[in-house]
Every structure is written in C-alpha cells, then in structure tokens.
Amino acid sequence: MTTDPAPQPHATAEQVEAARHDSKLAQVLYHDWEAENYDEKWSISYDQRCVEYARDCFDAIVPDDELRGLPYDRALELGCGTGFFLLNLIQSGVARRGSVTDLSPGMVKVATRNGKSLGLDIDGRVADAERIPYDDDTFDLVVGHAVLHHIPDVELSLREVLRVLRPGGRFVFAGEPTTVGDGYARSLSTLTWRAVTNVTKLPGLGSWRRPQAELDESSRAAALEAVVDLHTFTPGALEKMAARAGAADVETATVEFTAAMVGWPLRTFEYAVPPDRLGWGWAKFAFTSWKTLTWIDENLWRRVVPKGWFYNVMITGVKPS
C-alpha cells in the first residue's frame, strides 16, 4: 500500500472554504475526516446483514448465467471508502481476491485494515478514479458503491474502468443517487436536522441535544458533503454515458422509494442526537422499517412508480471481448 501522510481528524472552517473551490481537495478532506467513523455513521458492517445487502445488489443486475460461474478471480473496488462493497462481495463468494482504491488516504487505510481483519486477500492504493494505477486487462470485475457521483469526469473514469478490465470483464456500480431521489432525500434530511436541533433546545430536552461543538462539526461535514456530491443521474443518461465510454451490454436498475423517504430522516435523526440516547431497540426498529419498506417498494411501488423516481440507481456493463 502507498505510504501517505496521516489524515487530519477534523476540518476547520477555513479548510472547508478552501475545498469549495477544489472538488478533489474536498474529496480528500471530507473522506479523510470521516474515515475512522464512517462505518459507524452509515451502519456499515461486515457480517451477514451487509454481506446479504451487497450480494443482493450484485445479483439484482448481473445476468444469472454469469452468477452461476462465480467467483471472479480478481476484483477492484473504485472509490472504496472503508471497503464496504468489495469486502462483503468477496465474503459472499463473488471474488477470490481484490484491490481497493480511493482518493482519500484515510479511507484506503481503513479499507485495507478491514480486509486484513477479515482475513481477505486485499491490497490498497491511493488513486484518482480518472487515472487508475493498474495496467490494461488486469481485473475480471470492477465494482463501486456510491462513488460515481463524486467523480468530476464520470465518462473518463468509466473509460479507465474498461481499460483495466480484461476482455469480457464486468463492472457493477451501485448506490448512485437519482436526480429525483436526491431531491426528496436532501429535502427530508434538511427538514429533520432543523427540526431536531431546534426542538432539543426546549426545556427538559437538553439531554437529547448534542454538544454545540459536535453540531458545528456536523454542519461543516454537511457543507463539505454538498461540495463532494457532484452529480445525480437518470438511468437513461447513465446508460448513454457508459455506452459512450465503450461498454457493451449496459443495464441499469433502481431501488428504494419509500425506504429512502423514511430512511434518510431516520439516519439524520440518529446523527443529530447523542449516540447514547439510542440503543439496540432503535437500531432494530430502523433496520426493520427499512427492510419492510424495501419489500413494499419492490413488490408494490415498482409496478406504478417510474424507474427514475427511485433513490438509488445501479449500472453494469462489460468490456467487449
């Protein structure tokens, strides 16, 4: 793994302001800042719950005949974060070994640490998704989760993905925000944050209010998050982008409608109050609610709601043989 300076644990208001004018600086600053607490913040785990979630995403968009031929030999995760997608896919039997890359040294550090703690064959590199530091025809599979919307030139990155794939190799990107979905998710999150941080000022509710320093830090993180989220997508536009990059057999699928409308306010509420106020009962309620609404989305709303109204879009394609 490339040796890089240790990431800063926090970002100052001055750093946040500087990052507004440099999207890649913002990516490094925000993700280094979040790296050590990212799994906790987003309820990421490497047990059955998230192994099944990652595998369900993968199975939902990859053809059945290809699934029967698993595992792939070597896989790459682009914009790996803490390694959530690839590490859980390897645990589910999708690939034998993997490499993780991210623009953030802090995220690569955590992802490789997570891989080692799981006993997986993982290596990591700090890398720009627009210039992937691997030779042509290196990987059988390239994956990413919630990464494309952070990349300035998505089509250039997809060309790089196809370059490092072996002929016939596949890419799968999941967790990308749709244009409509991002609109209602951000609105609901903002309303929830304002409501909770104001209601907890009332007499008798002080124990439900985070210290002001933590709220200020969260606000700076939110400001950076708005800077690093560069794109939203419609399924059709994303398909055309992948086709222009040279991919074949391009397909998209969307997930989460009411699950996102409820999930984002619940997640925002969790982040707005002290962690010790919420216990296992809350975590079980939140997860069960999301699972139930996801089932309703798949079995009811998918029949009547336009594809582009769902919150997350996934895309796959192959490198022509």
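Refer to the structure printed above.
Residues numbered from 1 in each chain as written. Predicted model: local features only at pLDDT ≥ 70, side-chain atom pairs only at ≥ 80, totals over all residues. Heavy atoms only, no water.

Visitor: Explain the overall build of the protein here, please?
Guide: The number of helices and strands found in the protein is 13 helices and seven strands. Taken against the 2.2 N^0.38 rule, which gives 20 Å for 321 residues, the C-alpha radius of gyration of the protein at 19 Å falls within 12% of a compact globule. Along the longest, intermediate and shortest principal axes, the C-alpha atoms of the protein span 65 × 50 × 35 Å. Burial status across the protein gives 51% buried among its 321 residues. Here the analysis covers contacts within the protein between residues at least 6 apart in sequence; of these, 79% occur between residues at least 24 apart. Accessible surface computed for the protein: about 14900 Å², of which carbon and sulfur atoms make up 56%. Separation of charge centres in the protein, based on 34 positive and 45 negative side chains, amounts to 2 Å. (Helix = DSSP H or I, 4+ residues; strand = E, 2+ residues; numbered from the N terminus. Rg over C-alpha atoms; globule rule 2.2 N^0.38 Å. Buried < 20%, exposed > 50% of the residue type's maximum accessible area, 1.4 Å probe, protein only. Contact = heavy atoms within 4.5 Å. Areas by Shrake-Rupley, 256 points an atom, 1.4 Å probe, with all protein chains shown as cover. Lys, Arg positive; Asp, Glu negative; His and termini not counted. Charge placed at Lys NZ, Arg CZ, Asp CG, Glu CD.)

Visitor: Just to check I follow, could you spell out the packing of aromatic side chains for this structure?
Guide: Aromatic ring pairs are reported here in terms of the distance separating the ring centres and the angle at which the planes meet. If you walk through the whole model with that rule in mind, you get 16 aromatic pairs. Look at Phe84 and Phe85: their rings are 6.2 Å apart centre to centre, the planes differ by 25 degrees, and that puts the pair in the stacked class. Exposure class is identical for Phe84 and Phe85. Each is buried. The rings of Tyr53, Phe84, Phe85, Phe287 and Trp290 are connected pair by pair, giving a single aromatic cluster. Arg302 extends its terminal NZ or CZ atom over the ring of Phe310, reaching a point 4.6 Å from the ring centre. (Phe/Tyr/Trp six-rings, centres within 6.5 Å; stacked < 30°, edge-to-face > 60°. Lys NZ or Arg CZ within 6 Å of the ring centre and 35° of its normal.)

Visitor: Would you mind going over the side chain of His150 with me for this structure?
Guide: Assignment of secondary structure puts His150 in the loop between β4 (139–145) and α8 (154–164). Under the relative-accessibility criterion, His150 is labelled buried at 16%. Among the polar contacts made by the side chain of His150, one reaches the side chain of His149 at a distance of 3.4 Å. Ignoring sequence-local partners within four residues, the contact set of His150 consists of Gln27, His31, Val228, Asp229 and Leu230. (Polar contact = N/O pair within 3.5 Å; in protein donor to acceptor, adjacent residues only side chain to side chain.)

Visitor: For this particular structure, what's the right way to read the pairing of strand β1 (residues 72–78)?
Guide: Remember that side chains alternate between the two faces of the sheet whenever the strand is regular. The buried fraction of β1 is high, at six of seven residues. The pairing of β1 with strand β2 (residues 95–102) spans six bridges and is classified as parallel. Bridge pairing links Arg74 to Arg97 in β2. Once the chain exits β1 it traverses helix α6 (residues 84–91) before rejoining the sheet at β2, and the crossover so formed is right-handed. Relative to β4, β1 runs parallel, the two being bridged by three bridges. Looking at the pairing, Glu77 lines up with Val143 of β4. (Pairing = 2+ DSSP bridges. Right-handed = clockwise from strand over helix to strand, strands pointing away.)

Visitor: Got a minute to help me understand the nonpolar core in this structure?
Guide: Note that soluble globular proteins tend to have their nonpolar side chains buried in a common cluster. Membership of the largest hydrophobic core comes to 35 residues, with the highest contact counts inside it found for Phe58, Tyr72 and Phe85. Here this core gets six residues from one element, more than from any other, and that element is α6. Beyond its immediate stretch of four places on either side in the chain, Phe85 contacts Ala54, Cys57, Glu77, Val143, Gly144, His145, Val172 and Ala174. The next biggest cluster of nonpolar side chains, apart from the first, holds 27 residues, and it includes Leu78, Phe139, Val161 and Ala247. (Core = buried A, V, L, I, M, F, W, Y, C linked by side-chain atoms within 4.5 Å.)

Visitor: How should the pairing of strand β7 (residues 312–318) be read in this particular structure?
Guide: Burial runs high along β7: seven of the seven residues are buried. Burial of β7 is two-sided: the residues Asn312, Met314, Thr316 and Val318 facing one way and the residues Val313, Ile315 and Gly317 facing the other way are all buried. Where strand β5 (residues 165–177) lies against β7, six bridges are found, and the strand directions are antiparallel. Pairing of Phe171 across the sheet is with Gly317, part of β7. As paired elements, strand β6 (residues 248–255) and β7 share six bridges and run antiparallel to each other. Note that in β7 the partner of Glu251 across the bridge is Thr316.

Visitor: Where do I start with α8 in this structure?
Guide: Three or four residues apart is the spacing at which side chains of an α-helix point the same way, because the helix has 3.6 residues per turn. The buried count for α8 comes to eight of eleven residues, which makes it a mostly enclosed element. Here α8 has its buried residues at Val154, Glu155, Ser157, Leu158, Glu160, Val161, Leu162 and Val164. Against the buried residues of α8 lie β1, β4, β5, α11 (235–245) and β7.

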